[in-house]
Amino acid sequence: MGLTAGIVGLPNVGKSTLFNAITKAGALAENYPFATIDPNVGVVEVPDERLMKLSELVNPKKTTPTIFEFTDIAGIVKGASKGEGLGNKFLSHIREVDAIIHVVRAFDDEDVTHVDGEIDPISNMETINTELILADLEVIEKRLPKIEKKAKLKVDKDNVREYELLLKIKDNLEQDSPIRALNFDKNQKALIKHFNFLTEKPVLYVANIIEDEIADYSDNTYVRQIKDFADNEQSDVVVISAKIEAELSELDDDEKADFLNDLGVEEPGLHKLIKKSYALLGLETFFTAGPKEVRAWTFKSGSKAPACAGIIHTDFEKGFIRAQTIPFDDYIKYGSEKKAKEAGVARLEGKDYIVKDGDVMLFRFNV
């Protein structure tokens, strides 16, 4: 799919520790600002119990999960939109991702320095949001004078629509509200798509807590502040301990299970983060299942069968005839493709079929 989520935050909030845990890519994680200068990109498997269940039934030679891409972006500081720190470079890296994973420090530790000298989640979140808002305002303020004359003379309908829409967005940004808070129709989205606005991107907040609170963080005031802030802009929050996740990433499956059991948690925080990041971009999964391979594939929610066929191979989309589709629950219920067919739950769908999350598919094509 080529969709990526960028991990952002102030320096020393745990971004690179989190990234290392996700990808085991060894991104530099040092206790000083700007340790991460160039973006680090890593690919991670999307945890999905359904894939394992299919694999157990089919017993293929190979089982392949679907993947998701994270980019570790260096710490942003106040004034980044004006070039402070390494601001311009960092903002350009954010512009290249599709969603923002905003890591916020939710713990006290005198041994880990803080760029502002104190822990204040709301101030930290506002600092980054403000810099992204200022960057978007700069884009708009450069564009408006170029189309203002034509828009006011009404000589070009597209210019008029764009001008009016940008004024609306500008007013919203000047009230410290991100663009994603606005509702756009399909035509409006098309008008502003090429601007690639930073505050239009969906955001998931990550509250990074200390290890001792992983089983119960209900008394963590910082987490409550982060959740209240996110609720106000209709964003979601994942609570994790980046340090614990980094330790888990070094263990094998059995050791992981024991460690999680000792901690009193059922699932690694990273699994929640990956799943929510996946959902944040409107991504879903379909499966292919055969003796050679059982595989999960990522697709954009609302995609039709030919487009999903094209994810496997472009020839599949070009020569698409139809798709055999078995809902995941039915496949598991009947235990095999053959028995699902005999039960009448295997359907043949055409070009207009909208693929559903969990569909087990076999594409028929002719090139």
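Reading the values: the criteria
Residues numbered from 1 in each chain as written. Predicted model: local features only at pLDDT ≥ 70, side-chain atom pairs only at ≥ 80, totals over all residues. Heavy atoms only, no water. 1 Å grid on protein atoms, 1.4 Å probe; cavity = no way out; pocket = protein on both sides within 12 Å on 5 of 7 lines; lining within 4 Å. Points joined across faces, edges and corners; volume = space filled by probe spheres on them. Helix = DSSP H or I, 4+ residues; strand = E, 2+ residues; numbered from the N terminus. Nonpolar A, V, L, I, M, F, W, Y, C, P; charged D, E, K, R; others polar. Phe/Tyr/Trp six-rings, centres within 6.5 Å; stacked < 30°, edge-to-face > 60°. Buried < 20%, exposed > 50% of the residue type's maximum accessible area, 1.4 Å probe, protein only. Lys NZ or Arg CZ within 6 Å of the ring centre and 35° of its normal. pLDDT = per-residue confidence, 0-100. Contact = heavy atoms within 4.5 Å.

Student: Would you mind going over the layout of surface pockets with me for this structure?
Tutor: Taking a probe equal in size to a water molecule and rolling it over the atoms shows the remaining empty space. In this model, the largest pocket occupies a volume close to 810 Å³. Around the largest pocket, the lining comprises 27 residues; the ones closest to its centre are Glu45, Pro47, Asp253, Lys256 and His271. Take the lining of the largest pocket: its biggest share by element is four residues, from helix α10 (residues 269-280). A per-class count over the lining of the largest pocket returns 14 nonpolar, three polar and 10 charged. Its volume calculated, the second largest pocket comes out at about 670 Å³. Along the walls of the second largest pocket sit 19 residues, with Asp98, Lys189, Glu200, Lys201 and Pro202 positioned nearest its centre.

Student: What is the right way to look at the packing of aromatic side chains in this model?
Tutor: Remark: the centre distance and the inter-plane angle together describe each pair of aromatic rings, the angle taken between the planes. The final tally for this structure, using the stated rule, is 10 aromatic pairs. Ring centres 6.3 Å apart and planes at 70° place the aromatic pair phenylalanine 68 and tyrosine 278 in the edge-to-face group. Taken as a pair, phenylalanine 68 in strand β4 (residues 67-72) and tyrosine 278 in helix α10 lie far apart in primary sequence, 210 residues in all. When its relative accessible area of 7% is taken as the criterion, tyrosine 278 is described as buried. One aromatic cluster is present, built from ring pairs that chain together Phe286, Trp297, Phe299, Phe320 and Phe363. Residue placement shows arginine 295 over the ring face of tryptophan 297; its charged tip is 4.0 Å from the ring centre.

Student: Which parts of the structure should I look at to understand the confidence of the model for the protein chain?
Tutor: Interpreting fine coordinate detail is not advised for predicted regions of low pLDDT. For the protein chain, per-residue confidence averages 87 on the pLDDT scale, and 89% of positions sit at 70 or higher. Confidence over residues 25-37 falls short of pLDDT 50; this stretch has 36 contacts with residues more than four positions distant or in other chains.

Student: Got a minute to help me understand the environment of proline 65 in this structure?
Tutor: Within the secondary structure layout, proline 65 lies in the loop between β3 (62-64) and β4. Placed 229 residues apart in sequence, proline 65 and valine 294 show a C-alpha to C-alpha distance of 8.5 Å. Setting aside residues up to four positions removed in sequence, proline 65 forms contacts with Glu45, Val46, Leu51 and Ala296.

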